[in-house]
Amino acid sequence: MISVLPCRDRAEIKKLFNRHSILPNEDSGCVIATQKDEILGYCLYNLTLKSMTIFTVEPQDDIPLADGILRSALHVAAENFVLDAFYDECAPVELFKALDFIKNEDEKRLNIDKLFGIERCTPNQ
C-alpha cells in the first residue's frame with residue numbers, strides 16, 4: 001500500500017529542498033509517498049497561515065502518483081485552514097496543466113477546491 005504523509009523530519013525536508021537547489025525556511029515542508037521503506041515521490045512546499053506555495057512534485061512522469069501526491073500536499077494546506085495555493089516559478093507547470101489544477105495562470109494559483117468537488121467564487125472571477 002502507498003502512503004502519502006507529511007514529513008516531520010527537518011533534516012529530510014532540507015535534504016529534499018537542497019536536491020532541487022531551493023533554499024528551505026521555517027515554512028518549508030513536504031509530503032512523501034512511500035511503499036514499505038521505498039520513497040516513491042514527494043511534493044515540496046512552503047505553508048504559511050495565509051497560503052501554500054508548491055515548488056515541485058516528483059515524479060512528474062507518473063501522472064496518477066503525481067496527482068495523489070499533489071492532492072495530499074493541498075490537503076495539508078486545507079487541514080490548516082489555508083485555501084489559497086500557488087505554484088512557484090520552478091514548479092512543473094505542464095504537470096499541473098495535465099492534472100487540471102491550474103485555476104489562474106497569471107496569479108500562478110492552483111485550484112485547491114478540486115479536493116472538495118466545489119468551485120468557490122472569488123471577487124476576481
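Each remark here, short or long, concerns the structure printed above.
Residues numbered from 1 in each chain as written. Predicted model: local features only at pLDDT ≥ 70, side-chain atom pairs only at ≥ 80, totals over all residues. Heavy atoms only, no water.

Asker: I'd like a description of the layout of surface pockets, backed by residues and values.
Answerer: Unfilled space is identified by rolling a water-sized probe across the atoms. Its boundaries defined by the atoms lining it, the largest pocket holds a volume of some 180 Å³. Along the walls of the largest pocket sit 15 residues, with Cys7, Arg8, Ser28, Gly29 and Tyr45 positioned nearest its centre. The leading source of residues in the lining of the largest pocket is strand E2 (residues 28–35), at 3 residues. Residues that form the lining of the largest pocket fall into these classes: 7 nonpolar, 3 polar and 5 charged. (1 Å grid on protein atoms, 1.4 Å probe; cavity = no way out; pocket = protein on both sides within 12 Å on 5 of 7 lines; lining within 4 Å. Points joined across faces, edges and corners; volume = space filled by probe spheres on them. Helix = DSSP H or I, 4+ residues; strand = E, 2+ residues; numbered from the N terminus. Nonpolar A, V, L, I, M, F, W, Y, C, P; charged D, E, K, R; others polar.)

Asker: How would you explain the nonpolar core if you had to name every residue and give the values?
Answerer: Judged by nonpolar contacts, the single largest core of 27 residues is most densely connected at Tyr45, Ile54, Val57 and Phe96. If you list the elements that add at least two residues to this core, you get E2, strand E3 (38–47), strand E4 (52–58), helix H2 (63–79), strand E5 (85–87) and helix H3 (93–98). Among the elements that line this core, the one with the most residues is H2, at 8 residues. What Ile54 contacts, discounting residues up to four positions off in sequence, is Cys43, Leu44, Tyr45, Leu70, Ala73, Phe86, Tyr87, Asp88, Ala91, Phe96 and Leu110. (Core = buried A, V, L, I, M, F, W, Y, C linked by side-chain atoms within 4.5 Å. Buried < 20%, exposed > 50% of the residue type's maximum accessible area, 1.4 Å probe, protein only. Contact = heavy atoms within 4.5 Å.)

Asker: Residue-level account of the sheet that holds E3, with values.
Answerer: Strand order in the open sheet made by the 7 strands is E1-E2-E3-E4-E5-E7-E6, with mixed pairing throughout. The sheet is open, and its two borders are formed by strand E1 (2–6) and strand E6 (102–104), each paired with just one other strand. Two strands pair when backbone bridges link them, and E1 and E2 are joined in this way by 5 bridges, in the antiparallel orientation. Paired with Pro6 across the two strands is Val31, which belongs to E2. Packing of helix H1 (residues 10–19) onto the sheet brings it into contact with E2, E3 and E4, and relative to E2 it is tilted by some 95 degrees. (Pairing = 2+ DSSP bridges. Axes fitted to C-alpha atoms, helices over the stretch in contact; angles between N-to-C directions.)

Asker: Hey, could you go over H2 for me, with residue numbers and the actual values?
Answerer: An ideal rise of 1.5 Å per residue puts 24 Å on 17 residues; H2 measures up with 24 Å between its terminal C-alpha atoms. Those residues of H2 not exposed but buried are Leu65, Ala66, Asp67, Ile69, Leu70, Ser72, Ala73, Leu74, Val76, Ala77 and Ala78. Tucked inside the fold, the buried residues of H2 contact E1, E2, E3, E4, E5 and H3. Of the residues one or two after H2, Phe81 is the one with positive phi, at around 60 degrees. (Expected span 1.5 Å × (residues − 1).)

Asker: Hey, could you go over the packing of aromatic side chains for me, with residue numbers and the actual values?
Answerer: All told, the structure shown has 2 aromatic pairs when counted by the stated rule. Geometrically, the ring pair formed by Phe17 and Phe55 is edge-to-face, given 5.7 Å between the ring centres and 70 degrees between the ring planes. With Phe17 in helix H1 and Phe55 in strand E4, this residue pair connects regions lying 38 residues apart in the sequence. Look at Phe55 and you get buried, because its relative accessible area is 9%. (Phe/Tyr/Trp six-rings, centres within 6.5 Å; stacked < 30°, edge-to-face > 60°.)

Asker: Describe the pattern of salt bridges, with residues and values.
Answerer: One pass over the full model with this rule turns up 8 salt bridges. Lys15 is the salt-bridge partner of Glu12, the closest N and O atoms lying 3.6 Å from each other. Here the residue Glu12 and the residue Lys15 both occupy positions in helix H1, the gap between them amounting to 3 residues, near one helical turn. Note on Glu12: relative accessible area 17%, which makes it buried. (Salt bridge = Lys/Arg side-chain N within 4 Å of Asp/Glu carboxyl O.)

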